[in-house]
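# Summary of structural features
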Amino acid sequence: MLKLVIYNDDVNTFDWVIDTLMEVCGHTSEQAEQCTIIIHYKGKCSVKEGEFGELLPMRNSICERGISAEIH
């Protein structure tokens with residue numbers, strides 16, 4: 001099982017990351033908020049688990065929005 005990890009930066013706002021998680025990963029607003037807080041304070045957060053083929057389009061969409069994400 002692979003993980004989609006988002007990394008903290010000094011560019012994107014909390015709201016932008018929350019909206020992205022809700023739209024791209026299907027998070028609820030509560031899930032997205034919690035992940036965004038973890039990203040801010042810990043530097044990264046695993047936001048989704050799945051197979052490579054499922055996670056790749058999500059990673060690409062997140063990166064297109066200017067947010068740093070990797071699949072591990």
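Presented here is a report on the structure given in the accompanying data block.

Procedures and definitions
Residues numbered from 1 in each chain as written. Predicted model: local features only at pLDDT ≥ 70, side-chain atom pairs only at ≥ 80, totals over all residues. Heavy atoms only, no water. Axes fitted to C-alpha atoms, helices over the stretch in contact; angles between N-to-C directions. Helix = DSSP H or I, 4+ residues; strand = E, 2+ residues; numbered from the N terminus. Parallel < 35°, antiparallel > 145°, perpendicular 65-115°, else oblique. Left-handed = near helix turned anticlockwise from the far one by under 90°. Contact = heavy atoms within 4.5 Å. Pairing = 2+ DSSP bridges. Patch = residues over 30% accessible without salt bridge, like charges linked within 9 Å, V, L, I, M, F, W, Y side chains within 5 Å. Areas by Shrake-Rupley, 256 points an atom, 1.4 Å probe, with all protein chains shown as cover. Salt bridge = Lys/Arg side-chain N within 4 Å of Asp/Glu carboxyl O. Lys, Arg positive; Asp, Glu negative; His and termini not counted. Charge placed at Lys NZ, Arg CZ, Asp CG, Glu CD. Core = buried A, V, L, I, M, F, W, Y, C linked by side-chain atoms within 4.5 Å. Buried < 20%, exposed > 50% of the residue type's maximum accessible area, 1.4 Å probe, protein only.

## With respect to the packing of helix H1 (residues 14–25) against helix H3 (residues 52–64)
- The contact between H1 and H3 brings their axes to 10 Å, and the two run at 150°. Classified by the interaxial angle, the pair formed by H1 and H3 is roughly antiparallel. H1 and H3 meet at a crossing whose hand is right-handed. Taking contact as the criterion, the partners of Thr20, Val24 and Cys25 in H1 are, on H3, Met58, Ser61 and Ile62.

## What to know about the sheet that holds strand E1 (residues 2–7)
- The sheet built from three strands is open, its strands ordered E2-E1-E3 with antiparallel pairing. Either end of the sheet is taken by a strand with one partner, and the two such strands are strand E2 (44–50) and strand E3 (69–71). Mean inter-strand twist for the sheet, computed between neighbouring axes without regard to direction, equals 25°.
- Inspection of the sheet shows E1 paired to E3 by three bridges, in the antiparallel sense. What sits directly across from valine 5, in E3, is glutamate 70.

## Concerning a nonpolar patch on the surface
- On the surface, a nonpolar cluster with roughly 350 Å² of combined accessible area is contributed by Phe14, Ile37 and Tyr41.
- Inspection of the secondary structure puts isoleucine 37 in helix H2 (residues 29–42).

## What about a negative patch on the surface?
- Taken together, the side chains of Asp15, Asp19, Glu30 and Glu33 make up a negatively charged region of the molecular surface.
- Elements supplying a minimum of two residues to the negative patch: H1 and H2.

## Some details on the nonpolar core
- In this structure, Leu4, Ile6, Leu21, Cys25, Val47 and Ile62 are the most contacted members of the largest nonpolar core, which totals 17 residues.
- Breaking this core down by element, the ones donating at least two residues are E1, H1, H2, E2 and H3.
- Top element by residues in this core is H1. It accounts for five residues.
- Discounting chain neighbours no more than four positions away, the residues touching leucine 4 are Cys25, Cys45, Ser46, Val47, Lys48, Leu55, Met58, Arg59, Ile62, Ala69, Glu70 and Ile71.

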